[in-house]
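# A structural walkthrough
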Amino acid sequence: RVAAAEQEDFKSENDTIAAFLQDVRDSMGADEAVFWRWSEKRDVLRPFTWSTPGEPRPMHFDMGAWSGLVQWSAQQRMMNFDADARSAVARLAAAPVIHEDRLIGVLSVSRAGGLDRGREHIKSWLPRHAAQVARLVLGAEMRREYGRHMRQSQALLNAAKRFQGHLPQDSLAKAICETAVAVSSATDAALVRWRAEERRGWMQYATGGIR
């Protein structure tokens with residue numbers, strides 16, 4: 001149940017950002033807008049969501065030509081264009097998505113024939129759109145965290161009611177393990193009874209995924 005609720009929260013975040021990216025795409029005169037999410041743990045930048053609804057991946061982004069420019073924008077925390085500096089037309093523009101000193105990702109807009117709005121318009125507006133993406137991501141993170149705390153609180157309350165019922169020992173062990181799963185991101189839990197004098201223990205109860 002917890003995993004399903006968190007998956008639903010994740011989908012809601014994705015849908016909200018995708019809808020905003022459609023507005024960004026249109027305002028920039030682009031074929032596509034992509035939000036690239038930065039994973040500090042994995043040290044990788046990957047497309048999180050994009051403005052082309054229903055597609056499993058960005059449809060108008062040239063990975064071979066532009067992915068390095070998006071990566072550079074993340075590393076340098078600077079806006080980046082793919083066009084020659086002497087040209088007023090750019091096919092790609094990328095701006096870092098940052099909150100305070102935290103790199104969240106990169107927002108890119110692209111059009112193979114050149115972005116319609118021109119370099120100066122993009123330089124003025126793309127960082128603002130990137131800041132809005134940051135606010136959407138942070139808001140979604142806060143909602144997920146709040147939902148997680150509420151589910152944990154409810155699970156603990158339900159567990160307290162069960163414990164007060166003076167359950168048999170085996171039922172109590174089951175309730176403890178089920179509560180541990182409900183209030184954490186774990187998929188399974190086990191209760192091990194430990195005998196200090198014998199320096200050994202035994203498994204009293206485990207949820208279905210533990211053998």
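Structural data are supplied above this passage.
In short, a report on the structure. Keep in mind that what you see is a predicted model, and the values were worked out from it rather than measured.

The rules behind each value
Residues numbered from 1 in each chain as written. Predicted model: local features only at pLDDT ≥ 70, side-chain atom pairs only at ≥ 80, totals over all residues. Heavy atoms only, no water. Helix = DSSP H or I, 4+ residues; strand = E, 2+ residues; numbered from the N terminus. Buried < 20%, exposed > 50% of the residue type's maximum accessible area, 1.4 Å probe, protein only. Contact = heavy atoms within 4.5 Å. Areas by Shrake-Rupley, 256 points an atom, 1.4 Å probe, with all protein chains shown as cover. Salt bridge = Lys/Arg side-chain N within 4 Å of Asp/Glu carboxyl O. Expected span 1.5 Å × (residues − 1). Polar contact = N/O pair within 3.5 Å; in protein donor to acceptor, adjacent residues only side chain to side chain. Core = buried A, V, L, I, M, F, W, Y, C linked by side-chain atoms within 4.5 Å. Phe/Tyr/Trp six-rings, centres within 6.5 Å; stacked < 30°, edge-to-face > 60°. Lys NZ or Arg CZ within 6 Å of the ring centre and 35° of its normal. Pairing = 2+ DSSP bridges.

## Some words on the overall build of the protein
Secondary structure assignment for the protein yields four helices and seven strands. Moving toward the C terminus, one meets the helices and strands of the protein in the order α-β-β-α-β-β-β-α-α-β-β. In the protein, which comprises 211 residues, the proportion classed as buried is 36%. The contacts of the protein with a sequence gap of at least 6 include a subset with a gap of at least 24, amounting to 53%. Carbon and sulfur atoms make up 51% of the accessible area of the protein, which amounts to about 12800 Å² in all.

## Here we look at the environment of Gly-114
Relative to the helices and strands, Gly-114 resides in the loop between strand 5 (102-110) and helix 3 (119-163). Here Gly-114 falls in the buried class, since its relative accessible area comes to 3%. It is 4.2 Å that separates the C-alpha atoms of Gly-114 and Arg-91, two residues lying 23 residues apart in sequence. When sequence neighbours within four positions are dropped, the list of residues in contact with Gly-114 reads Gly-29, Val-89, Ala-90 and Arg-91.

## Some details on the pattern of salt bridges
All chains considered together, the criterion is met by 11 salt bridges. A salt bridge links Glu-13 to Arg-37; the nearest nitrogen and oxygen atoms lie 3.5 Å apart. Linking Glu-13 in helix 1 (residues 2-28) with Arg-37 in strand 1 (residues 32-39), this pair joins segments that are 24 residues apart in sequence. Comparing Glu-13 with Arg-37 shows no difference in burial state: the two are buried.

## Let's talk about helix 4 (residues 169-182)
At 3.6 residues per turn, the α-helix brings residues three or four places apart onto the same side. If you check helix 4, its first and last C-alpha atoms are 20 Å apart, about what 14 residues at 1.5 Å a residue would give, namely 20 Å. Regarding helix 4, the residues found buried are Ala-173, Ala-175, Cys-177, Thr-179 and Val-181.

## Examining the side chain of Glu-32
Looking at the element boundaries, Glu-32 is found in strand 1. Side chain to side chain, Glu-32 and Thr-52 meet in a polar contact 2.6 Å long. At a separation of 2.8 Å, a polar atom in the side chain of Glu-32 contacts the main-chain amide nitrogen of His-60. Once residues lying within four places of it in the same chain are set aside, the contact partners of Glu-32 are Arg-25, Trp-50, Ser-51, Thr-52, Pro-58, Met-59, His-60, Phe-61, Ser-108, Val-109 and Ser-110.

## Thoughts on the nonpolar core
Counting residues in each nonpolar core, the largest one holds 26 residues, and the members touching the most others are Phe-35, Val-97, Leu-107, Val-109, Leu-126 and Val-133. For this core, the element with the highest residue contribution is helix 3, accounting for eight residues. In contact with Val-109, other than residues within four places in its own chain, are Val-24, Met-28, Ala-30, Glu-32, Ala-33, Arg-91, Leu-92, Ala-93, Leu-115 and Leu-126.

## Things to note about the packing of aromatic side chains
For the structure on display, the rule yields three aromatic pairs. An angle of 70° between the planes, with centres 5.5 Å apart, marks the rings of Phe-61 and Trp-66 as edge-to-face. Per residue, the accessibility class of Phe-61 equals that of Trp-66, and both read buried. Aromatic rings pair up to connect Trp-36, Phe-61 and Trp-66 into one cluster. Over the aromatic face of Phe-48 sits the side chain of Arg-37, whose NZ or CZ is 5.5 Å from the ring centroid. Positioned over the ring face of Trp-125 is Arg-128, at 4.2 Å from the centre of the ring.

## Concerning the pairing of strand 7 (residues 200-206)
Bridge analysis of strand 6 (residues 190-195) against strand 7 gives six bridges, and the strand direction is antiparallel. Across the sheet, Trp-194 pairs through a bridge with Gly-201, a residue of strand 7. Hairpin connection between strand 6 and strand 7: a loop of four residues separates the two successive antiparallel strands, and Arg-199 in this loop has a positive phi of roughly 55°.

## Remarks on the environment of Pro-53
Inspection of the secondary structure puts Pro-53 in the loop between strand 2 (44-50) and helix 2 (63-76). Taking the C-alpha atoms as reference points, Pro-53 and Ala-19, separated by 34 residues in sequence, lie 8.7 Å from one another.

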